[in-house]
Every structure is written in structure tokens, then in C-alpha cells.
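Listed here are the chains, written in short residue letters.
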Amino acid sequence: KLVQPYVTYGYPSLKTVRELLYKRGYAKVNKQRIPISDNSVIADNLGEKQGLFGMEDLVHEIYTVGPEFKKANNFIWPFKLSAPRGGFKCKRHGYCEMKGGDWGNREEEINELIKRMN
């Protein structure tokens, strides 16, 4: 409730989650930011204990919020997105308000915003 005027959120599609992880995905290994260049980075850190051996396993776990979601989510470094192409509409108002701003729940339309920011 306190952060709502500062964040936008929604329900991303599988395609959006996959594109984010492949393009902007970095792993957190020994408190360092390491690019996920191949499946060995994932297999070495999440393989035996969590059963996640590759990028597609990680995408599936994040998208479906499976039993090992917390470990998979902590393994991924937060995404560093750029500003959206075309800019924001109005940062002052919420997305669901009549004036049409940018913060708040976008539901399925978060995919379009992430596509512009990726």
C-alpha cells in the first residue's frame, strides 16, 4: 500500500518472462552478478538441490510459481531495465485513474510496457 504510487505491476506472459531472462538475466553467485551465458551456471547452483538444470527450467519455475520459486527468484539478480521507448504518460496519476497515469496494476498490459523497456 505504501509503495503503490511508485511501482507498476501486472501479470506477464510466458513470452515476456522468457525474453527478460534470456536478455537481462543475471545470476547471483557468491554475492556477485554473473551473466547467465549457458546452462552450467544454473546447473552448478540450482541443479542438485532444486532440480533446475537449465534456462527453460528456470523460466518454468518463475512463470508457474512452482515449489522452488523462492530459491529460483533469489538466484536471479534484479533486472536493470531502461526507460520505455516513447516515455511514460504521466507519472503523477495511477494507471486505472481517469486521467491515465503509469503506476498501479496494469494486469495483462504490463507486457507492452516491458517490451518497450527491454
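None of the values given here were measured: they were computed from a predicted structure. (Residues numbered from 1 in each chain as written. Predicted model: local features only at pLDDT ≥ 70, side-chain atom pairs only at ≥ 80, totals over all residues. Heavy atoms only, no water.)

What follows covers the side chain of R24. Position of R24 relative to the elements: it lies in helix 1 (residues 14-24). For R24, which is buried and forms no salt bridge, the nearest opposite charge comes from E19, at a distance of 10.0 Å. A distance of 2.8 Å separates a polar atom in the side chain of R24 from the backbone oxygen of K80. A distance of 3.1 Å separates a polar atom in the side chain of R24 from a polar atom in the side chain of N118. Setting aside residues no more than four positions away along its own chain, R24 makes contact with E19, F79, K80, L81, S82, M117 and N118. (Helix = DSSP H or I, 4+ residues; strand = E, 2+ residues; numbered from the N terminus. Buried < 20%, exposed > 50% of the residue type's maximum accessible area, 1.4 Å probe, protein only. Lys, Arg positive; Asp, Glu negative; His and termini not counted. Salt bridge = Lys/Arg side-chain N within 4 Å of Asp/Glu carboxyl O. Polar contact = N/O pair within 3.5 Å; in protein donor to acceptor, adjacent residues only side chain to side chain. Contact = heavy atoms within 4.5 Å.)

With that settled, consider the environment of G47. Mapped onto the secondary structure, G47 falls in helix 2 (residues 39-50). When near neighbours in sequence (up to four residues on either side) are disregarded, G47 contacts I42, L52 and F53.

So, on to the pairing of strand 3 (residues 32-35). Relative to strand 3, strand 2 (residues 26-29) is paired through 4 bridges, and the arrangement is antiparallel. The residue bridging Y26 from the neighbouring strand is P35, located in strand 3. Between strand 2 and strand 3, which pair antiparallel in sequence order, lie 2 residues; one of them, N30, sits at a positive phi of approximately 55°. (Pairing = 2+ DSSP bridges.)

Turning to the packing of aromatic side chains, a few remarks are in order. The full count for this structure, using the stated rule, is 0 aromatic pairs. It is K28 that lies over the ring of W77; its NZ or CZ is 6.0 Å from the centre. Just above the ring of Y26 sits the side chain of R33; from NZ or CZ to the centre is 3.7 Å. (Phe/Tyr/Trp six-rings, centres within 6.5 Å; stacked < 30°, edge-to-face > 60°. Lys NZ or Arg CZ within 6 Å of the ring centre and 35° of its normal.)

What follows concerns helix 3 (residues 55-64). Taken together, the buried positions of helix 3 are occupied by M55, L58, V59, E61 and I62. Within helix 3, the buried residues cover an arc of 165° as seen down the axis, which keeps them to one side. Contact partners of the buried residues in helix 3: helix 1, helix 2 and helix 4 (69-75). V65, located one to two residues past helix 3, shows a positive phi value of around 50°. (Arc of directions from axis to C-beta.)

Turning our attention to the pattern of salt bridges. Tallied over the full model, the rule gives 3 salt bridges. The shortest N-O distance in the salt bridge between E112 and R116 comes to 3.0 Å. Here E112 pairs with R116, and both are found in helix 5 (residues 110-117), just 4 residues apart, close to one helical turn. Classification of E112 by relative accessible area gives partly exposed; the value is 42%.

So far we have only geometry, and geometry alone does not tell us how the molecule works.
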